[in-house]
Amino acid sequence: MNILFATSEAVPFAKTGGLADVSSSLPRALSQLGHQPVVVMPAYKQALRSGQAIRPVGIDFSIPVWNKTVYGSLLESRLTDSDVPVYLILQDQYYDRDGLYNQNGTDYTDNCERFVFFSRAVLETIRLLSLEIDVLHTNDWQTGLIPAYLEAVYKESPRYKKITSVHTIHNLAYQGVFWHWDMCLTGLDWKYFTYDKMEFFGKLNLLKTGMMFADGLTTVSPRYAQEILSPEYSCGLEGVLRHRRKDLRGILNGVDTDHWNPAADPNLAAVYNTETVFENKPVCKQALQEEMQLPVNAETPLVGIVGRLAFQKGLDLVIDVIPRWVEEHNVQWVILGTGDPKLEQRIEELAASYPQNVAVKLSFSDAVAHRIEAGADMFLMPSRYEPCGLNQMYSLIYGTVPIVRETGGLVDTVVGLNTETFEKGTANGFSFKDADHSGLNWAIEQALICYRETPGIWKQLVKTGMSQDWSWKQSAARYLEFYEELRSR
Ligand code: ADP
């Protein structure tokens with residue numbers, strides 16, 4: 001099958017979150033299963049400086065954007081260790097910027113225009129490169145217009161007629177909502193500006209657009225697929241989701257096990273597998289304590305956190321409870337993240353108050369993320385919602401016991417320790433129900449008691465997590481099944 005994967009970010013070119021990981025590892029997994037994916041993404045400044053071999057294709061094109069004609073050109077590269085082509089849309093006026101979607105916490109004011117251009121450029125790429133595409137797989141609000149253009153503008157032409165579109169929701173909270181006049185930028189007829197197509201409470205909603213026009217919808221875990229049908233998690237789109245329920249699948253993200261493999265990770269002080277984890281993981285812990293300038297002590301429990309500092313991730317709850325665990329139990333904390341300036345400030349203040357116990361890096365560093373996954377004893381994700389979450393899977397693979405809130409993909413991957421799950425041998429972490437201080441404190445306490453008092457059970461949790469298969473193989477096969485199902489309709 002020929003699959004065009006349209007995305008606003010992909011590793012190793014540009015990344016702000018999990019979408020970039022998926023955009024690289026799913027196409028590679030599809031290719032390994034004998035299919036022919038191509039990836040199309042914007043040529044951001046970050047991508048052009050990523051050190052990847054990127055060359056011009058030698059094709060220029062123009063796109064109508066409202067009353068302007070905007071020019072772009074195609075660049076070409078490959079996904080790491082693969083033959084999967086990546087086409088990057090060069091348009092410096094839109095993409096030669098420091099951030100992907102925002103700067104210093106403020107969204108670019110022309111985001112709608114930037115992704116109108118990108119969306120049409122993706123469809124033009126098919127024609128310009130004479131691609132024969134069976135499935136057009138789009139992702140999140142940035143590419144939500146693509147299924148609409150396909151249906152409303154391109155379907156007439158033979159090259160596009162047989163294309164099946166699939167739109168994946170990686171995070172329903174980011175919808176790409178713009179004022180209604182931005183409808184003019186899209187060039188689409190106002191007849192589509194209705195509650196059952198592109199309009200959302202008087203505004204233009206690009207995620208909803210993708211959800212209404214695509215032939216099939218997916219989201220990134222089975223649990224999140226259920227959750228978003230309810231008003232609590234649907235961010236106002238429960239009507240749309242219920243309407244499209246029969247076309248919606250929840251497929252768990254996988255892990256790029258070439259990049260996240262403790263047995264061959266060049267970032268670590270010592271590599272390890274299930275046989276050597278209890279000898280070599282402590283070496284990684286010591287190295288992490290040294291790197292983060294925390295007192296080196298093998299016995300001190302070390303909790304790691306990596307991620308966007310956003311309300312979604314529940315970091316505000318963690319900040320509130322850290323003093324208790326430092327003062328009463330001498331727990332060490334290592335936090336890597338960027339995001340909400342207020343949270344960043346509060347975390348910095350904590351680190352200043354507890355220099356012996358709290359170490360913080362307010363930056364984006366893949367290498368440090370790897371060293372935290374390997375060096376921490378526990379990994380905390382108290383998310384208010386979590387479509388899939390990748391870090392808990394990285395933690396399991398690295399023998400770092402996850403402590404998670406029971407939501408979304410965290411439910412599908414982490415089995416909390418209790419008598420029943422211990423007896424069944426399925427427990428691989430700790431989980432709690434309510435995203436509040438008492439839920440979080442309860443789970444941290446359970447984890448600490450187990451870590452300090454029952455090392456045999458702790459080791460069992462580590463081994464269970466490390467021996468599970470979180471690779472893309474099964475998930476990629478499920479995407480293929482869904483593509484086939486849609487194509488046969
Ligand atoms: P989300 O997509 O909601 O941000 P995920 O858990 O799905 O969350 O994916 C986040 C990805 O981004 C993971 O690969 C994680 O390691 C990475 N990441 C997030 N923040 C940072 C950071 N500050 N430094 C390095 N990697 C980060």
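Residues numbered from 1 in each chain as written. Predicted model: local features only at pLDDT ≥ 70, side-chain atom pairs only at ≥ 80, totals over all residues. Heavy atoms only, no water.

### Some points on the environment of Ser50
Inspection of the secondary structure assignment puts Ser50 in the loop between α2 (45-48) and β3 (55-65). For the pair Ser50 and Gly416, spaced 366 residues apart in sequence, the C-alpha separation works out to 39 Å. Not counting residues up to four positions away in its chain, the partners in contact with Ser50 are Pro12 and Phe13. (Helix = DSSP H or I, 4+ residues; strand = E, 2+ residues; numbered from the N terminus. Contact = heavy atoms within 4.5 Å.)

### What about the domain arrangement of the chain?
According to the domain assignment, the chain contains domain 1 (2-254 + 473-488) and domain 2 (277-470). For domain 1 versus domain 2, the separation of C-alpha centres amounts to 32 Å. At the junction of the two partners, domain 1 supplies 19 residues and domain 2 supplies 20 residues. Surface buried jointly by domain 1 and domain 2 totals about 1500 Å² across both partners, of which 57% is contributed by carbon and sulfur atoms. Broken down residue by residue, the surface that domain 1 buries against domain 2 is led by Arg223, Tyr233 and Leu252, which jointly contribute 27%. Taken together, the links from domain 1 to domain 2 amount to zero salt bridges. In this assembly, domain 1 and domain 2 are joined by 10 residue pairs in polar contact (both at pLDDT 80 or more). (Domains from an automatic or database assignment. Buried area = accessible area lost by both parts, 1.4 Å probe. Salt bridge = Lys/Arg side-chain N within 4 Å of Asp/Glu carboxyl O. Polar contact = N/O pair within 3.5 Å; in protein donor to acceptor, adjacent residues only side chain to side chain.)

### Topic: the sheet that holds strand β19 (residues 401-405)
In a beta sheet, neighbouring strands pair by backbone hydrogen bonds and run either parallel or antiparallel. One open sheet holds the six strands; their spatial order is β17-β16-β15-β18-β19-β20, and the pairing between them is parallel. Both outer strands of the open sheet, β17 (358-361) and β20 (430-432), are each paired with one neighbouring strand and no more. In this sheet, adjacent strand axes meet at a mean angle of 20° when their direction is disregarded. Sheet topology places strand β18 (residues 378-381) next to β19; four bridges connect them, and they run parallel. The residue of β19 that forms the bridge with Phe379 is Pro402. Contacts from helix α12 (residues 277-291) reach β15 (302-309), β16 (332-339) and β17, with the element oriented near 60° to β15. The strands that helix α13 (residues 315-329) touches are β15, β16, β17 and β18; relative to β16, the one it contacts most, it runs at about 160°. (Pairing = 2+ DSSP bridges. Axes fitted to C-alpha atoms, helices over the stretch in contact; angles between N-to-C directions.)

### Section: helix α21 (residues 473-488)
When the terminal C-alpha atoms of α21 are compared, their 23 Å separation across 16 residues agrees well with the 22 Å that a helix rising 1.5 Å per residue should span. Within α21, burial applies to Ser475, Ala476, Tyr479, Leu480, Phe482, Tyr483 and Leu486. All buried residues of α21 lie within an arc of 160° about the axis, which places them on one face of the element. Within α21, the exposed residues directed more than 90 degrees away from the buried face are Lys473, Gln474, Glu481 and Ser488. Summarising the contacts, the buried residues of α21 are in contact with β1 (2-6), α1 (18-32), β8 (135-139), β9 (164-169), β13 (216-219) and β14 (248-250). (Expected span 1.5 Å × (residues − 1). Buried < 20%, exposed > 50% of the residue type's maximum accessible area, 1.4 Å probe, protein only. Arc of directions from axis to C-beta.)

### Focus: the pairing of β8
Across the five residues that make up β8, a large majority, five, are buried. Relative to β8, β1 runs parallel, the two being bridged by four bridges. Counted as the bridge partner of Leu4 is Leu136 from β8. Across five bridges, β8 lies against β9 in parallel orientation. Bridge pairing links Thr138 to His167 in β9.

### Re helix α8 (residues 206-213)
In terms of burial, α8 is largely enclosed, as eight of its eight residues are buried. When α8 is considered as a whole, its buried residues turn out to be Leu206, Leu207, Lys208, Thr209, Gly210, Met211, Met212 and Phe213. By the N-cap criterion, in which a side-chain oxygen at the helix start approaches the backbone nitrogen of a residue two or three places on, α8 is capped by Asn205, the distance to Leu207 being 3.1 Å.

### Observations concerning the site of the ligand
Looking at the ligand, there are 19 residues lining it, with Lys15, Gly18, Arg308, Lys313 and Ser363 nearest. With respect to the ligand, the backbone of Gly18 contributes an N or O atom lying 2.7 Å from an oxygen atom. Asp21 is positioned such that a nitrogen or oxygen atom in its side chain is 3.1 Å from an oxygen atom of the ligand. For the ligand, whose accessible area on its own is 560 Å², the fraction buried by protein is 94%. If you list the elements that add at least two residues to the shell around the ligand, you get α1, β15, β16, α15 (366-375) and α16 (391-397). With three residues, β15 is the largest single contributor of residues to the shell around the ligand. Both domains that furnish three or more residues to the shell around the ligand are identified here as domain 1 (2-254 + 473-488) and domain 2 (277-470). (Near = heavy atom within 4 Å. Areas by Shrake-Rupley, 256 points an atom, 1.4 Å probe, with all protein chains shown as cover.)

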